[in-house]
Amino acid sequence: MSALLVEPGTRLSGVTRVPGDKSIAHRWLILATTARGSSRLVEVPRSLDVRSTAACLAQVSTTARAALEGWAGNDRAEPDGHGSTWNRGDAAPPERSLEVEGGGHDSLTAPARELNCGNSATSMRLLAGVAAGIAARSILTGDESLRRRPMERAAVPLRAMGAGVDTTGGCAPLTIRGGGLRGILYRVPIASAQVKSCVLLAGLFAEGVTVVEEPAGTRDHTERALAALGGPVVAEPGRVSLQPFQHVGFTGTVPGDLSSAAFLVAAAALTGSALTITGVGLNPSRTRLLEVMGRMGVQTTQHVDHEELGEPVGDLEVEACAGLIGTRIEAAELPLVIDEVPILALLAAHATGETWFLGAAELRLKESDRIAALVAGVRALGGRAQDEGPDLVVGGGGLSGGHASGSGDHRMAMALAIAALAARGPSRIDGIEAAEVSFPGFVPTLHGLGARIEEA
Ligand code: S3P
């Protein structure tokens, strides 16, 4: 395990990029593998999670296997029971582009071995939808952290569509006997883009129409990509319907990941710096974090300049911030900032007044129990945070700095590192290598912007 030593007090400056969007990359890799014909994907992030999806897809496609396996590499995290064996991204080959030869939905085959999703719940829940469409038996597993996360939420609709799905006490390993699916109307009980996408992807293999209704808006990358590929998809607020169709190969450059950019936006805000992040995804189902940060006093401007497979892309400018104020994130807004709660909470620790995250129970089911990890992390750096039942409250007033752990969770480790940039004294953040799960090059990027940090 490696630690990050952070010396506060420097201004950051520059124009930078972030690695490609993890959520989008999972989906495009799946769609390239299920397409008929060849696809070219550019700027696919070499994060461990995305490589897990590629390695699993290689198992079920003879046409795409060599390209996907070669790209994924063999140094991904294995489900070794520790959940913290992140391998360094720089040990892997640097290609961020790949050509995938898809053979169409019908060409997918039984996997030769277990589908190892590593640390990635998105891989597991999305691939469960694909496995349900393959007339064969698939077993999906993952690392210790992933094997603790709830999988019935994906199993329930897949069973209703006709797949046989066994969970292990509600979690992975999952055994899926796929094939013979029929479309359903599914009302997702808890807002989840992963579950929505699992059902829609299974719907590609089903007979008849598949409809998904969600209780609150969630990221819409699956429906955007399907529509851009010419699919009979109707997406309205809270409802998506899809007729099965066979798409053909496509080309796309994965936009920069706004969830990764959020750490840099926060870093700029906390150090009173102006920053520009280029080529970033600005899909409105992901930009709520900028509104929340705006309420806290962080002014940003979005310049959308083009679309990639239905995804708006452009530059994001962050203005130097004069001071932060606390805010309330209501339960209905929370699913739209679900991945940014760690960085928003650490930003809140530097604000004036309290910040409330209402109805935040889903955070307990992420890569770590993020409510517990945030309370512990904020306190370890000398701040105030409280678990208030389903809500999380963070007291403002600034941080003194200290010794905190990333709890084996990429977003926790990065959020703590960023918060430490504005603490009153130096800090040590343990487990910074977890950043490779979603933001390969996090430490060098921050260093390049002028942060006084050192890996130990
Ligand atoms: C994701 C959906 C969210 C998010 C995750 C990525 C996706 O999970 O937290 O990091 O790509 O669909 P839920 O669907 O569990 O909310």
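Residues numbered from 1 in each chain as written. Predicted model: local features only at pLDDT ≥ 70, side-chain atom pairs only at ≥ 80, totals over all residues. Heavy atoms only, no water.

Caption draft 1: Looking closely at the nonpolar core. Core analysis: the biggest nonpolar cluster contains 77 residues, and Met293, Val298, Phe357, Ile418 and Phe442 have the highest contact counts within it. Broken down by element, this core gets its largest block of residues, 11 residues, from helix 8 (residues 258–270). When near neighbours in sequence (up to four residues on either side) are disregarded, Phe442 contacts Phe263, Met414, Ala417, Ile418, Ile432 and Ala435. Among the nonpolar cores identified, the runner-up in size contains 71 residues, and Leu57, Ala58, Leu158 and Leu309 belong to it. (Core = buried A, V, L, I, M, F, W, Y, C linked by side-chain atoms within 4.5 Å. Buried < 20%, exposed > 50% of the residue type's maximum accessible area, 1.4 Å probe, protein only. Helix = DSSP H or I, 4+ residues; strand = E, 2+ residues; numbered from the N terminus. Contact = heavy atoms within 4.5 Å.)

Caption draft 2: Expanded view of the pairing of strand 10 (residues 210–213). Burial of strand 10 is two-sided: the residues Thr210 and Val212 facing one way and the residues Val211 and Glu213 facing the other way are all buried. With three bridges joining them, strand 9 (residues 185–187) and strand 10 adopt parallel strand pairing. Each bridged residue has a counterpart across the sheet, and for Tyr186 the counterpart in strand 10 is Val212. Taking the sense of rotation as the criterion, the β-α-β connection linking strand 9, helix 6 (residues 193–203) and strand 10 turns out right-handed. Pairing analysis gives four bridges linking strand 10 to strand 12 (residues 239–242), with the strands arranged antiparallel. Opposite Thr210, over in strand 12, you have Leu242 as the bridge partner. (Pairing = 2+ DSSP bridges. Right-handed = clockwise from strand over helix to strand, strands pointing away.)

Caption draft 3: Examining the sheet that holds strand 15 (residues 300–308) more closely. With respect to topology, four strands assemble into an open sheet ordered 2-14-16-15, the strand pairing being mixed. Of all the strands in the sheet, the pair left with one neighbour each is strand 2 (15–16) and strand 15. Each of strand 2, strand 14 (275–281), strand 15 and strand 16 (311–318) touches helix 8; the most contacted strand, strand 14, lies at about 170° to it. (Axes fitted to C-alpha atoms, helices over the stretch in contact; angles between N-to-C directions.)

Caption draft 4: Summary view of the side chain of Asp220. You can see Asp220 is positioned in the loop between strand 10 and helix 7 (221–228). Under the relative-accessibility criterion, Asp220 is labelled buried at 18%. Discounting residues that sit within four places of it in the chain, Asp220 has contacts with Lys196, Asn283 and Ser285.

Caption draft 5: A look at the packing of helix 2 (residues 48–60) against helix 3 (residues 65–72). Between helix 2 and helix 3, the shortest axis-to-axis distance is 8 Å and the interhelical angle comes to 155°. Here helix 2 lies roughly antiparallel to helix 3, going by the angle between them. For the pair helix 2 and helix 3, the crossing hand works out as left-handed. Two secondary-structure elements touch here, helix 2 through Val50, Arg51, Ala54, Ala55, Leu57, Ala58, Gln59 and Val60 and helix 3 through Arg65, Leu68, Glu69, Trp71 and Ala72. Broken down by class, the residue content of the contact of helix 2 with helix 3 amounts to nine nonpolar, one polar and three charged. (Parallel < 35°, antiparallel > 145°, perpendicular 65-115°, else oblique. Left-handed = near helix turned anticlockwise from the far one by under 90°. Nonpolar A, V, L, I, M, F, W, Y, C, P; charged D, E, K, R; others polar.)

Caption draft 6: Representation of the site of the ligand in the model. Residues in close proximity to the ligand include Ser23, Arg27, Thr122, Arg125, Ser192, Ala193, Gln194, Arg219, Ile338, Asp339, Lys366 and Arg411, which together make up its full environment. One of the backbone N or O atoms of Gln194 is found 2.9 Å from an oxygen atom in the ligand. In isolation the ligand offers 390 Å² of accessible surface; the protein chains occlude 94% of this area. Among the elements of the structure, helix 1 (22–34), helix 4 (121–133) and helix 6 are those that each provide at least two residues to the shell around the ligand. (Near = heavy atom within 4 Å. Polar contact = N/O pair within 3.5 Å; in protein donor to acceptor, adjacent residues only side chain to side chain. Areas by Shrake-Rupley, 256 points an atom, 1.4 Å probe, with all protein chains shown as cover.)

Caption draft 7: The arrangement of the confidence of the model for the protein chain in detail. Looking at the protein chain, the pLDDT average stands at 94 and 96% of residues meet or exceed 70. Below pLDDT 50 for its whole length, residues 77–93 participates in 41 contacts with residues either more than four positions away or in separate chains. (pLDDT = per-residue confidence, 0-100.)

Caption draft 8: Up close: the packing of aromatic side chains. Applying the stated criterion across every chain yields a total of two aromatic pairs. Look at Phe263 and Phe442: their rings are 6.3 Å apart centre to centre, the planes differ by 75°, and that puts the pair in the edge-to-face class. In this pair, Phe263 sits in helix 8 while Phe442 sits in helix 13 (residues 442–448), placing the two residues 179 residues apart along the sequence. Seen from their ring centres, Phe439 and Phe442 are 5.4 Å apart, and the 70° between their planes marks the pair as edge-to-face. (Phe/Tyr/Trp six-rings, centres within 6.5 Å; stacked < 30°, edge-to-face > 60°.)

Caption draft 9: Spatial organisation of the pairing of strand 11 (residues 233–236). With four bridges connecting them, strand 11 and strand 12 associate as antiparallel partners. Directly across from Val234, in strand 12, lies its bridge partner Ser241. From the end of strand 11 to the start of strand 12, which pair antiparallel, there are two residues, and Gly238 there has a positive phi angle of about 80°.

Caption draft 10: Representation of helix 8 in the model. For helix 8, spanning 13 residues, the distance from its first C-alpha to its last is 18 Å, which sits close to the expected 18 Å at 1.5 Å a residue. The element helix 8 is largely enclosed, with a buried count of 13 among its 13 residues. Here helix 8 starts with a cap whose side-chain oxygen sits 2.9 Å from the backbone nitrogen of Ser259, and that cap is Asp257. A positive phi of about 65° marks Gly272, the residue just after helix 8. (Expected span 1.5 Å × (residues − 1).)

Caption draft 11: How the structure looks around the environment of Thr218. For Thr218, the position within the fold is in the loop between strand 10 and helix 7. When the C-alpha positions of Thr218 and Arg36 are compared, they lie 29 Å apart, and in sequence the two are 182 residues distant. Setting aside chain neighbours within four positions, we find Thr218 in contact with Ala191, Ser192, Ala193, Lys196, Ser285, Pro335 and Leu336. Side-chain polar atoms of Thr218 contact the side chain of Lys196, separated by 3.0 Å.

Caption draft 12: Just the sheet that holds strand 8 (residues 171–177), in detail. In spatial order, the strands read 5-6-8-7; together these four strands make up an open sheet with mixed pairing. Two strands close off the open sheet at either side, each with one partner strand: strand 5 (115–116) and strand 7 (164–168). In the sheet, strand 6 (residues 137–141) pairs with strand 8 via four bridges, with the strands oriented antiparallel. When the bridges of strand 8 are listed, Arg137 appears paired with Arg177.

Caption draft 13: Geometry of the environment of Ala322. In this fold, Ala322 is placed in the loop between strand 16 and strand 17 (328–329). In this structure Ala322 comes out as exposed when scored by relative accessible area, which is 89%. Once the C-alpha coordinates of Ala322 and Leu270 are considered, the two residues, 52 residues apart in sequence, prove to be 9.2 Å apart.

Caption draft 14: Broad picture of the pattern of salt bridges. This structure, assessed with the given rule, holds 27 salt bridges. With a closest N to O distance of 3.0 Å, Asp220 and Arg224 form a salt bridge. (Salt bridge = Lys/Arg side-chain N within 4 Å of Asp/Glu carboxyl O.)

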